[in-house]
Amino acid sequence: MAFDFLTQNSIVYVLIVWVIVFTIAKASKLDKHGFEIKPYSLVYKNQKVQVVLTKILGRTQKLTRLFSNTSVIAGFIMMGFAFWYLISNLSNFFVKPESFSEMTVLIPGVTIQSGPNIAYFLLAVPIVLVIHEGAHGIVATLEKIKIKTGGFAVFIALFAGFVEPDEEEFANARKISRLRVIGAGATSNVLFSFIIAGLLIFNPSFALLMPDPIRSTFYHEPLGVPIVSVTEGSGAAKAGLLKEDIITAINGVPIVNPQDFPKNLKPGETASVSILRGGQILQIPVVLTPSKDDPQKGMLGILRAAFPSYQPVIPYYIHWSPEVFMFLLWLWMLSFFIGIFNMLPLPILDGGKFIHSIIEKKISDKALKMTMWSVYAVTFALFALNIVLSVVKSGFITI
C-alpha cells in the first residue's frame, strides 16, 4: 500500500509540474517563437539548424567522413549487441537466475522517483539528445541531404530530440548515405559514453557497473570492505578503527565483499579485525557490543561500505564530489544504453530505419512490410519479456 501510494503521488507531482509548464508556455506565447503547444506535448522546431550544421561540418569534414563510415559498421555491431544482451538475459532468468539483470523504462515520476535522480536525468537527457541528433544532422549535411528543421519535444514526462531531413532527398539518397545518417546518432552516443567512462573509470565505485572480464583489466582484485563511519562509544571506536580503514579479515576469515562479514558474532566476544591502513596490515582486537535490533547479536560498531574496495590498475584517482560523480554516471548510463538500444529494430527507433534501408527495393513492398512487422514483433517481445520478468523477480522497479 505504501508503495502504491508513493507511485501515485509521484505521478501526481509529474502531472502538476506538467500543468505548470504548459500554463507558462501558453501565457508566454511560446507558439510565436517556434513552439507547438498541445495539452500533452511541447515541441520546438528551428529552421536555422542547417546553417549551424554546415558551419560545424566546414571545420570537421575529414573527421566527420571517417565517423560516418564507422557508424555503418557500428550500427550492425550495436544492433547485434542489443539482441545478444536481451536474449542472454532472458536465458539467465531461467538457467542462471543470479546473473539476470533487471530492466526498466526510465520515466520521471514513475520509475524514477528519487528527487536527485530526476534532477540528474533531466540534466543529462538534453546533452544526450543534442549529441545524438547533432550527429544525424552533421552526417546528413555531409551526404548532401537537406535538414528542414531540428528541435526537441516533451511529452509530459518523456523527452525526444529530432532533426528532420528533407524526406524526398533522404529517400533518393544512396543506401550507404542513408545508413551513415541513421547509424550516426547511436554511434555518437556510445562514443560519448566511452569518454565519460574515461572520467569515471578511476573511481572504485564505477567498478561495480563493469562486467567481470572488463573489470579485471582496469581494477585489481578488491582488498576488502571500507569503513564508512565508526559509531561513537562502540567497540570499534574504543579499539581505534577509523573511517576509510579497509577491513580485510575478521577472526582470520578473509573479507572481500560485504556479504563475507560473519553473522554469528556474540556480544562481549573479542574479534580480531585485520585492516589495511596506509598500505600496512594491522591486527586490532575489537570487543563486540550488542546490536540495537537484536541484543543476542554482536556488532563491531561500524557502518561498512556497500561495495568492496576496488583499486584502479593505473594509480590515478579523480576525486569527484558525490554530486558530480552521480551526474556523470547518469550521463554515461543514458548515453550508452540509449545508443545501444536505439539500434533495436522497432518502428520509433533508428534500428527500424536501418533494417528498412538495407532490405528495401530487394523485395516487394508487401514482403517488405510483412518482414518489417515480423522483425518488430520479435524485437518487442524480447524487450517486453525482459521488462516483465524483471517485475516478476524484483517487483515494480524504481530508482
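As a starting point, this report considers the structure included with it. (Residues numbered from 1 in each chain as written. Predicted model: local features only at pLDDT ≥ 70, side-chain atom pairs only at ≥ 80, totals over all residues. Heavy atoms only, no water.)

## A look at the pairing of strand 9 (residues 280-287)
Each regular strand displays side chains that alternate between the two surfaces of the sheet.
Right, so step 1: Bridging between strand 8 (residues 270-277) and strand 9 involves eight bridges; their strand directions are antiparallel. Residue pairing for strand 9: Ala271 is matched across the bridge by Val286.
Right, so step 2: The antiparallel pairing of strand 8 with strand 9 creates a hairpin that spans two residues between the two strands, and Gly278 there sits at a positive phi of about 60°. (Pairing = 2+ DSSP bridges. Helix = DSSP H or I, 4+ residues; strand = E, 2+ residues; numbered from the N terminus.)

## Thoughts on the nonpolar core
Right, so step 1: Residues Met78, Leu86, Ile340, Phe341, Met343, Leu344 and Phe354 are the most contacted members of the largest nonpolar core, which totals 30 residues.
Right, so step 2: Of all the elements in the fold, those that place two or more residues in this core are helix 2 (49-95), helix 5 (175-200), helix 8 (322-341), helix 9 (350-359) and helix 10 (365-394).
Right, so step 3: Sorting elements by how many residues they give to this core places helix 2 first, with eight residues.
Right, so step 4: In this view, Phe354 contacts Val72, Gly75, Phe76, Met79, Leu179, Ile182, Gly183 and Met343; residues no more than four positions away in its chain are not counted.
Right, so step 5: Leu129, Ile196, Ala197 and Leu334 belong to the second largest nonpolar core, which has 25 residues in total. (Core = buried A, V, L, I, M, F, W, Y, C linked by side-chain atoms within 4.5 Å. Buried < 20%, exposed > 50% of the residue type's maximum accessible area, 1.4 Å probe, protein only. Contact = heavy atoms within 4.5 Å.)

## Structural notes on a nonpolar patch on the surface
Right, so step 1: A cluster of nonpolar side chains, contributed by Ile16, Ile20 and Ile24, occupies part of the molecular surface with about 270 Å² of accessible area.
Right, so step 2: Turning to its location among the elements, Ile24 is positioned in helix 1 (residues 2-27). (Patch = residues over 30% accessible without salt bridge, like charges linked within 9 Å, V, L, I, M, F, W, Y side chains within 5 Å. Areas by Shrake-Rupley, 256 points an atom, 1.4 Å probe, with all protein chains shown as cover. Salt bridge = Lys/Arg side-chain N within 4 Å of Asp/Glu carboxyl O.)

## Re the pattern of salt bridges
Right, so step 1: Using the criterion set out here, one finds five salt bridges in the structure.
Right, so step 2: The salt bridge involving Arg180 is made with Glu143; its shortest N-O contact spans 3.1 Å. One end of the pair, Arg180, is in helix 5; the other, Glu143, is in the loop between helix 3 (115-142) and strand 3 (147-155), with 37 residues separating them in the sequence.
Right, so step 3: Salt-bridge contacts for Arg178 lead to Glu360; the nearest nitrogen and oxygen are separated by 2.1 Å. Taken as a pair, Arg178 in helix 5 and Glu360 in the loop between helix 9 and helix 10 lie far apart in primary sequence, 182 residues in all.
Right, so step 4: Take Arg178: its relative accessible area is 4%, and that puts it in the buried class.

## Describing the environment of Ala239
Right, so step 1: Relative to the helices and strands, Ala239 resides in helix 7 (residues 235-239).
Right, so step 2: Residue classification places Ala239 among the partly exposed residues on the basis of a relative accessible area of 28%.
Right, so step 3: For the pair formed by Ala239 and Ile284, sequence separation is 45 residues and the distance between their alpha carbons is 6.9 Å.
Right, so step 4: Filtering out sequence-adjacent residues up to four positions away, Ala239 remains in contact with Ile284, Pro285 and Val286.

## As for the packing of helix 5 against helix 8
Right, so step 1: Two elements in contact, helix 5 and helix 8, have axes separated by 8 Å at closest approach and are oriented at 150°. Compared by their axis directions, helix 5 and helix 8 come out roughly antiparallel. Relative to helix 8, helix 5 is oriented so that their crossing is left-handed. Judged by residue contacts, Ala186, Asn189, Val190, Phe192, Ser193, Phe194, Ile196, Ala197 and Leu200 of helix 5 engage Phe325, Leu328, Leu329, Leu331, Trp332, Ser335, Phe336, Ile338, Gly339 and Ile340 from helix 8. (Axes fitted to C-alpha atoms, helices over the stretch in contact; angles between N-to-C directions. Parallel < 35°, antiparallel > 145°, perpendicular 65-115°, else oblique. Left-handed = near helix turned anticlockwise from the far one by under 90°.)

## Some remarks on the packing of aromatic side chains
Right, so step 1: Counted by the stated rule, this structure contains 13 aromatic pairs.
Right, so step 2: Taking 6.4 Å as the distance between ring centres and 75° as the angle between the ring planes, the aromatic pair formed by Phe81 and Phe336 counts as edge-to-face. Taken together, the residues Phe81 in helix 2 and Phe336 in helix 8 connect sequence positions 255 residues apart.
Right, so step 3: Taking the centre distance of 6.1 Å and the plane angle of 75° together, the rings of Tyr85 and Phe341 count as edge-to-face. (Phe/Tyr/Trp six-rings, centres within 6.5 Å; stacked < 30°, edge-to-face > 60°.)

## Side note on the side chain of Ser68
Right, so step 1: Relative to the assigned elements, Ser68 resides in helix 2.
Right, so step 2: The class for Ser68 is buried, based on a relative accessible area of 1%.

## Focus: helix 3
Right, so step 1: In a regular helix each residue adds 1.5 Å, so 28 residues correspond to 40 Å; helix 3 covers 41 Å between its end C-alpha atoms and thus fits that length.
Right, so step 2: Looking at the residues trailing helix 3, positive phi occurs at Lys144, about 65°. (Expected span 1.5 Å × (residues − 1).)

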